[in-house]
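Structural description and commentary
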Amino acid sequence: MRAIFSFLAFAAGIYSILIFVRIIISWFAGNVFGKPAEILKKITDPYLNWWRKNLKLQFGSLDFSAVAAIVFLSLLQNILFTLSVSQMITIGLILAQILLSLWTIITFIIGFIMVIIILRLFAYLTNRNIYSNFWRVIDSIYQPLMYRMNRIIFGNKIAGFMKGMIISLLLLALLMFGGRIIINLIAGFLARLPV
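Residues numbered from 1 in each chain as written. Predicted model: local features only at pLDDT ≥ 70, side-chain atom pairs only at ≥ 80, totals over all residues. Heavy atoms only, no water.

Let us look at the packing of aromatic side chains. Tallied over the full model, the rule gives 4 aromatic pairs. Pairing W51 with F72 gives two aromatic rings, centres 5.6 Å apart and planes at 50°, and the pair type is tilted. Residue W51 is found in helix α2 (residues 34-55), and its partner F72 is found in helix α3 (residues 65-86); the two are separated by 21 residues along the sequence. By relative accessible area, which is 10% here, W51 ends up buried. Exposure remark for F72: the relative accessible area of 38% places this residue in the partly exposed category. One aromatic cluster is present, built from ring pairs that chain together Y15, Y47, W50, W51 and F72. (Phe/Tyr/Trp six-rings, centres within 6.5 Å; stacked < 30°, edge-to-face > 60°. Helix = DSSP H or I, 4+ residues; strand = E, 2+ residues; numbered from the N terminus. Buried < 20%, exposed > 50% of the residue type's maximum accessible area, 1.4 Å probe, protein only.)

Below, the structure written as structure tokens:
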């Protein structure tokens, strides 16, 4: 039984890597990679399309359904690996794995927004053409969140653009690192539950 769970965990990990490669290949226009890319599409697209169709995690031009698909596979892989090692799994352990997987999604989104803010800050400091379509898309992603965070800190006062970006970066970093500590404590507690 241990070998079966170990093999299934390994297979879930390999499939996650294939999906990740498929996502990267989709960034390139045309059929640059030929027949291997076509085979990869046939293997991974049905799974990815299911997530796109059922979760509808597209926000503007960004589609996060692939992230959810990979996180689900990671959760499945962790549960299967735990079964292969201990040959027993509890509800507390499953809840801990679900919590850690959800936190992975949240930290990915926080990290993504932090990278966007850093890019925007760099463009602002180097006097790039900040009025192009690219920067408008970037602004539409981070500005609503930045506005809300600045309202929490400054109330009704208007913070300057630079100050607002720096405060937003600091708050997101604090949320990411503080949240990791709290989530790990909760997950550790849940994993020890005998149920």
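As a packed pair, α2 and α3 sit with axes 9 Å apart at the nearest point and diverge in direction by 115°. The hand of the α2/α3 crossing is right-handed. Across the interface between the two elements, Y47, L48, W51, R52 and L55 of α2 pack against S65, A66, A68, A69, F72 and L73 of α3. Here the residues of the contact of α2 with α3 are counted per class, giving 9 nonpolar, 1 polar and 1 charged. (Axes fitted to C-alpha atoms, helices over the stretch in contact; angles between N-to-C directions. Left-handed = near helix turned anticlockwise from the far one by under 90°. Contact = heavy atoms within 4.5 Å. Nonpolar A, V, L, I, M, F, W, Y, C, P; charged D, E, K, R; others polar.)

Counted as a void, the largest pocket has a volume near 590 Å³. Forming the boundary of the largest pocket are 19 residues, of which I23, W27, D63, A66 and V67 lie nearest the centre. Secondary structure elements with two or more residues in the lining of the largest pocket: α1 (2-25), α2, β2 (62-63), α3 and α4 (91-125). (1 Å grid on protein atoms, 1.4 Å probe; cavity = no way out; pocket = protein on both sides within 12 Å on 5 of 7 lines; lining within 4 Å. Points joined across faces, edges and corners; volume = space filled by probe spheres on them.)

Here the structure, examined in full by the defined rule, presents 2 salt bridges. E38 serves as the salt-bridge partner of K41, at 3.8 Å between the closest nitrogen and oxygen. Linking K41 with E38, this pair stays in helix α2, spanning 3 residues, or about one helical turn. A relative accessible area of 30% places K41 in the partly exposed class. (Salt bridge = Lys/Arg side-chain N within 4 Å of Asp/Glu carboxyl O.)

Moving on, we get to the nonpolar core. Core analysis: the largest hydrophobic core is formed by 17 residues, its most contacted members being M114, I117, Y142, M165 and L172. When contributions to this core are tallied by element, the ones reaching two or more residues are α4, α5 (133-154) and α6 (161-191). Ranked by size, the runner-up nonpolar core spans 9 residues in total, among them Y47, L48, W51 and A66. (Core = buried A, V, L, I, M, F, W, Y, C linked by side-chain atoms within 4.5 Å.)

Moving on, we get to the side chain of T44. Position of T44 among the secondary structure elements: in helix α2. Accessibility expressed as a relative area gives 0% for T44, which makes it buried. At a separation of 2.8 Å, a polar atom in the side chain of T44 contacts the main-chain carbonyl oxygen of L40. Every residue in contact with T44, bar those within four places of it in the chain, is listed here: Y15, L18, I19 and R22. (Polar contact = N/O pair within 3.5 Å; in protein donor to acceptor, adjacent residues only side chain to side chain.)

Axis separation between α4 and α5 bottoms out at 10 Å; the angle between their running directions is 120°. By the angle between their directions, the pair α4 and α5 is classed as oblique. Seen along the crossing, α4 lies across α5 with a hand that is left-handed. The segment α4 lies against α5, with F112, I113, I116, I117, L119, R120 and A123 engaging W135, I138, D139, I141, Y142 and L145. Of the residues belonging to the contact of α4 with α5, the class tally is 11 nonpolar, no polar and 2 charged. (Parallel < 35°, antiparallel > 145°, perpendicular 65-115°, else oblique.)

Together, M1, I4, F7, L8, F10, I14, I17 and V21 give the surface a local cluster of nonpolar side chains, amounting to about 810 Å² of exposed area. Note on placement: F7 falls in helix α1. Assessed through its relative accessible area of 54%, F7 is described here as exposed. (Patch = residues over 30% accessible without salt bridge, like charges linked within 9 Å, V, L, I, M, F, W, Y side chains within 5 Å. Areas by Shrake-Rupley, 256 points an atom, 1.4 Å probe, with all protein chains shown as cover.)

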